[in-house]
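What the coordinates show
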Amino acid sequence: MVILSKIYTRTGDHGSTRLVDNSVAAKSDLRVEAYGLVDQANASIGLAIALDTTTKVLSPEVRKALGIVQNELFDVGADLANPLVASPEWEPLRTVQESVDRLERWCDEFGDKLPILRSFILPGGNPVGAQLHVCRTAIRTAERAAWRAAEAYGTETLNNTEIMPGGVNELAITYLNRLSDLLFVLSRTANKAGEDSSDEVLWVPGGERNPRTDEGKE
């Protein structure tokens, strides 16, 4: 159980913070950036859910899936904030393969109902669909940051943390990758892709759009 009796602590006023294992890291640390961006992406998903309280374009199944994702993103953030070490004192909270597998099942379950794409999609549509596109790109940003942290610290469990902090759990990064795929599918679902009232807009390449005119030129 997490108990937050006081929100401000003043412990981070000088540019450092503590990771899950109680080690100290700079707030500019790549690992801190990664789990901070996961938090930002989670807030974006929360906004999509909030927008749907009035628009009602998401099915109960999609809303339930997004609720599970929000909880799991807290797990991913905690995972990224906890360096991999051998024989930890307590069993750490880690991203598990079952969570990744469930994201893939959802991609299939929700995606199989959508029409095949013949072009890329312009981010937008109705408010919920547009926000889910924002969520998708936020998760991609977090994924890239997590890979930068992995490049810096590795993805292996280290025995001697005095030399270098432990690595990054690669499965947490895999989760982010699959989640961005799911959010793409759900943005299409929210925008009613393939329906008569669809809000989805496909990209028209430059060569197929109307050519520029000379209007306004002297």
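See above for the structure.
Note that this is a predicted model, so its numbers are computed, not measured. (Residues numbered from 1 in each chain as written. Predicted model: local features only at pLDDT ≥ 70, side-chain atom pairs only at ≥ 80, totals over all residues. Heavy atoms only, no water.)

A contiguous patch of negative charge, built from Glu61, Asp108, Glu109 and Asp112, is present on the exposed surface. If you trace the backbone, aspartate 112 turns up in the loop between α3 (97-111) and α4 (127-153). On the accessibility criterion, aspartate 112 (65% relative accessible area) is exposed. (Patch = residues over 30% accessible without salt bridge, like charges linked within 9 Å, V, L, I, M, F, W, Y side chains within 5 Å. Areas by Shrake-Rupley, 256 points an atom, 1.4 Å probe, with all protein chains shown as cover. Salt bridge = Lys/Arg side-chain N within 4 Å of Asp/Glu carboxyl O. Lys, Arg positive; Asp, Glu negative; His and termini not counted. Charge placed at Lys NZ, Arg CZ, Asp CG, Glu CD. Helix = DSSP H or I, 4+ residues; strand = E, 2+ residues; numbered from the N terminus. Buried < 20%, exposed > 50% of the residue type's maximum accessible area, 1.4 Å probe, protein only.)

Per the stated rule, a full pass over the model turns up 1 aromatic pair. Consider the rings of phenylalanine 120 and tryptophan 203, whose centres lie 5.8 Å apart with planes at 50 degrees: the pair is tilted. Residue phenylalanine 120 is located in the loop between α3 and α4, and its partner tryptophan 203 is located in the segment after α5 (170-190); the two are separated by 83 residues in the primary sequence. Classification of phenylalanine 120 as exposed rests on a relative accessible area of 62%. Over the ring of tyrosine 153 we find arginine 31; its NZ or CZ atom is 4.4 Å from the centre of that ring. (Phe/Tyr/Trp six-rings, centres within 6.5 Å; stacked < 30°, edge-to-face > 60°. Lys NZ or Arg CZ within 6 Å of the ring centre and 35° of its normal.)

To continue, consider the nonpolar core. Core analysis: the biggest nonpolar cluster contains 48 residues, and Leu66, Val69, Leu73, Leu80, Leu132, Leu179 and Leu182 have the highest contact counts within it. Mapped onto this core, the elements with two or more residues apiece are α1 (30-55), α2 (60-80), α3, α4 and α5. (Core = buried A, V, L, I, M, F, W, Y, C linked by side-chain atoms within 4.5 Å.)

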